[in-house]
Amino acid sequence: MKFSNIKTFVIFLVLAVTTLSANAQNSLNSPQRLSEYQTAITFNGDNRESYYSFVGKGDVTVTLDVKALSGNAGVYVDFLNAKGKKLSEMEVVQAQNRGTDRIVKDLSLGNKFQTIILKVKSIAYGSQASYPGNLKISLDGEFDGMRSSGGTSSTEDIDFEKTINLDWTGNSIDNPRMLTTRYSVLNFRGDNKEEFLAFYGQEKIEITYDVKANNSNAGTYLTLLDKNGDNLSSQGVAQAMSKGTSRITQSIELNKRQLVIIKIVSIAYGSNSSYPGTLKITLNRGFAL
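Predicted model, so just to flag it, every value in this text is computed and none were measured.

**Q** Kindly report on the overall build of the protein chain, identifying the contributing residues and their values.
**A** For the protein chain, the helix and strand inventory stands at one helix and 17 strands. Burial status across the protein chain gives 45% buried among its 289 residues. For the protein chain, the proportion of contacts with a sequence separation of at least 24, taken over those separated by at least 6, is 75%. Counting every atom, the protein chain has about 15,000 Å² of accessible surface; 46% of that belongs to carbon and sulfur.

So, in C-alpha cells, the structure goes:
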C-alpha cells in the first residue's frame, strides 16, 4: 500500500472514530456517562443536541456554568429519567459578551439509585455559523460510579500523603484548581493577586496554613467559599515578617459532602513590585475523596 493511501486510510479511521464518539453521546438511548463530579464540555452553539447521564439518589444538586467564547453562548437543558420523561422544567443557561452564567438545579431522586439524563441543546442565536461556549457540569450529592478525583481535568491518581507543588491555580471561583492530596505548596508573589483552589469536604473541616517569607514580609488573606461564592468562613490572615514563618488554622462544619473553595489573596505591603513567599496548605480533617 502506498504511503499516500496509508495516510488517507488513517485520516478516514480517525474521522470515523470521532464520528462514532459524537453519535454515541448524541442519543437518548446511549448518553455519555458522567464519571467525575465536574465535567467540562465545549459546544458550538448550532442547535445540536447531546445527552449526558449520571446515576444518583437522594437530594442532589447539578450546577451548570456557561462561558461564552465569542459574543453570546447558551444551552437549553432538560432533566429526563431513563425513559426520556421530563423530571422538571427546562433550564436555560446563557452568557453574553464573553461573560458567564450559572444555574443551580436541585433534584430529589428518592432513596434508590436511578439514572438521570441531561439533554443539552446548544443555542444558535442568529445568522452566524456557531455561537461557541463552554459548559461545566458540577454534581453534588450521592452518586454511583464517580471517580474520586472530583476534578474536571485531573488525570492524577490521588496519593493522599503526597505533597504537590502548585505550579498553577484557578483564577476565579468558577475555575478553581482541584486539590487531590492532603499537602499542597504554593509560591506566591505578594501582589494582591486572587487565586482559587478547591476540594470536596464533609463534616468538620480543619485546614492549616503555613507561610514563609522569602525576603522581608509575606502574607495571604484566606477565605473559604461554597460553589456559589458565599462565605463558609471569615477571612483569615497568615503573614510572616523578616524572612520568618507564621501558621494559622481555619475550621468549619458542613452538613453534607460539598465543594469547598479556598480563595487566596497574596498581600502587597508597600511600594515593592512583590512580597514573595511560600504557602503550605494542609488538609487536616474533612477531605472527602
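What follows picks up the thread again.
**Q** Tell me about empty space enclosed by the protein, and name the residues and values.
**A** This structure, assessed with the given rule, holds two cavities of 30 Å³ or more. In this model, the largest cavity occupies a volume close to 100 Å³. If you go around the largest cavity, you meet 14 residues; those closest to its centre are Gln 38, Thr 63, Ser 138, Lys 227 and Leu 259. The biggest single contributor to the lining of the largest cavity is strand E8 (residues 133-144), with four residues. Its residues placed into classes, the lining of the largest cavity shows six nonpolar, three polar and five charged.

**Q** Help me get a handle on the pattern of salt bridges, residues and values and all.
**A** This structure, assessed with the given rule, holds 10 salt bridges. Here Lys 119 ties to Glu 49 by a salt bridge, and the two come within 3.6 Å at their closest N and O atoms. Remark: Glu 49 occurs in strand E3 (residues 49-68) and Lys 119 occurs in strand E7 (residues 114-122); sequence separation between them is 70 residues. Taking relative accessible area as the criterion, Lys 119 reaches 22% and is therefore assigned partly exposed. The salt bridge involving Arg 247 is made with Asp 210; its shortest N-O contact spans 2.6 Å. With a gap of 37 residues between them, Arg 247 in strand E15 (residues 245-253) and Asp 210 in strand E12 (residues 194-213) connect regions that are remote in the sequence. Here Asp 210 falls in the buried class, since its relative accessible area comes to 19%.

**Q** Help me get a handle on the packing of aromatic side chains, residues and values and all.
**A** Counted under the stated rule, the structure contains six aromatic pairs. Measuring from centroid to centroid gives 5.3 Å for Tyr 37 and Tyr 200, while their planes differ by 40 degrees, and the two rings are tilted. Residue Tyr 37 is located in the loop between strand E1 (32-33) and strand E2 (38-43), and its partner Tyr 200 is located in strand E12; the two are separated by 163 residues in the primary sequence. Taken as a pair, Tyr 37 and Tyr 200 share a single burial class, namely buried. Measuring from centroid to centroid gives 5.5 Å for Tyr 125 and Tyr 131, while their planes differ by 70 degrees, and the two rings are edge-to-face. Cluster of aromatic residues (ring-pair linked, three or more members): Tyr 37, Phe 54, Phe 143 and Tyr 200. Residue placement shows Arg 257 over the ring face of Tyr 37; its charged tip is 4.0 Å from the ring centre.

**Q** Describe the pairing of strand E5 (residues 91-95), and please don't skip the residues or the numbers.
**A** Residues of E5 alternate between two faces, with Glu 91, Val 93 and Ala 95 buried on one and Val 92 and Gln 94 left unburied on the opposite face. In this structure, strand E4 (residues 73-80) lies alongside E5, joined through five bridges in antiparallel fashion. Directly across from Val 77, in E5, lies its bridge partner Glu 91.

**Q** Hey, could you go over the pairing of E15 for me, with residue numbers and the actual values?
**A** What you see with E15 is a clean split: Ser 246, Ile 248, Gln 250 and Ile 252 sit on the buried side and Thr 245, Arg 247, Thr 249, Ser 251 and Glu 253 on the side with no burial. Here E12 runs beside E15; their pairing, made up of nine bridges, is antiparallel. Paired with Asp 210 across the strands is Arg 247, a residue of E15.

**Q** Pulling in residues and values, what's your account of the side chain of Glu 91?
**A** With respect to the helices, strands and loops of the structure, Glu 91 is situated in strand E5. Take Glu 91: its relative accessible area is 18%, and that puts it in the buried class. Among the polar contacts made by the side chain of Glu 91, one reaches the side chain of Lys 105 at a distance of 2.8 Å. Leave out the neighbours within four places in its chain, and Glu 91 touches Val 75, Tyr 76, Val 77, Phe 79, Ile 103 and Lys 105.

**Q** Before we move on, can you summarise the nonpolar core with the specific residues and values?
**A** Counting residues in each nonpolar core, the largest one holds 35 residues, and the members touching the most others are Phe 54, Val 62, Leu 64, Leu 118, Leu 135 and Ile 137. Of all the elements, E3 adds the most residues to this core, at seven residues. Excluding residues that lie within four positions of it along the chain, Leu 64 makes contacts with Val 77, Phe 79, Val 93, Asp 101, Arg 102, Ile 103, Leu 118, Leu 135, Lys 136 and Ile 137. Formed by 27 residues, the second largest nonpolar core is a distinct cluster that contains Ala 218, Leu 222, Ile 264 and Phe 287.

**Q** Lay out the confidence of the model for the protein chain with the relevant residues and their values.
**A** Of the residues in the protein chain, 85% have a pLDDT of 70 or more, and the chain-wide mean is 83. Per-residue pLDDT stays below 50 along residues 148-160; that stretch engages in 28 contacts with residues further than four places along the chain or on separate chains.

Basis of the calculations
Residues numbered from 1 in each chain as written. Predicted model: local features only at pLDDT ≥ 70, side-chain atom pairs only at ≥ 80, totals over all residues. Heavy atoms only, no water. Helix = DSSP H or I, 4+ residues; strand = E, 2+ residues; numbered from the N terminus. Buried < 20%, exposed > 50% of the residue type's maximum accessible area, 1.4 Å probe, protein only. Contact = heavy atoms within 4.5 Å. Areas by Shrake-Rupley, 256 points an atom, 1.4 Å probe, with all protein chains shown as cover. 1 Å grid on protein atoms, 1.4 Å probe; cavity = no way out; pocket = protein on both sides within 12 Å on 5 of 7 lines; lining within 4 Å. Points joined across faces, edges and corners; volume = space filled by probe spheres on them. Nonpolar A, V, L, I, M, F, W, Y, C, P; charged D, E, K, R; others polar. Salt bridge = Lys/Arg side-chain N within 4 Å of Asp/Glu carboxyl O. Phe/Tyr/Trp six-rings, centres within 6.5 Å; stacked < 30°, edge-to-face > 60°. Lys NZ or Arg CZ within 6 Å of the ring centre and 35° of its normal. Pairing = 2+ DSSP bridges. Polar contact = N/O pair within 3.5 Å; in protein donor to acceptor, adjacent residues only side chain to side chain. Core = buried A, V, L, I, M, F, W, Y, C linked by side-chain atoms within 4.5 Å. pLDDT = per-residue confidence, 0-100.

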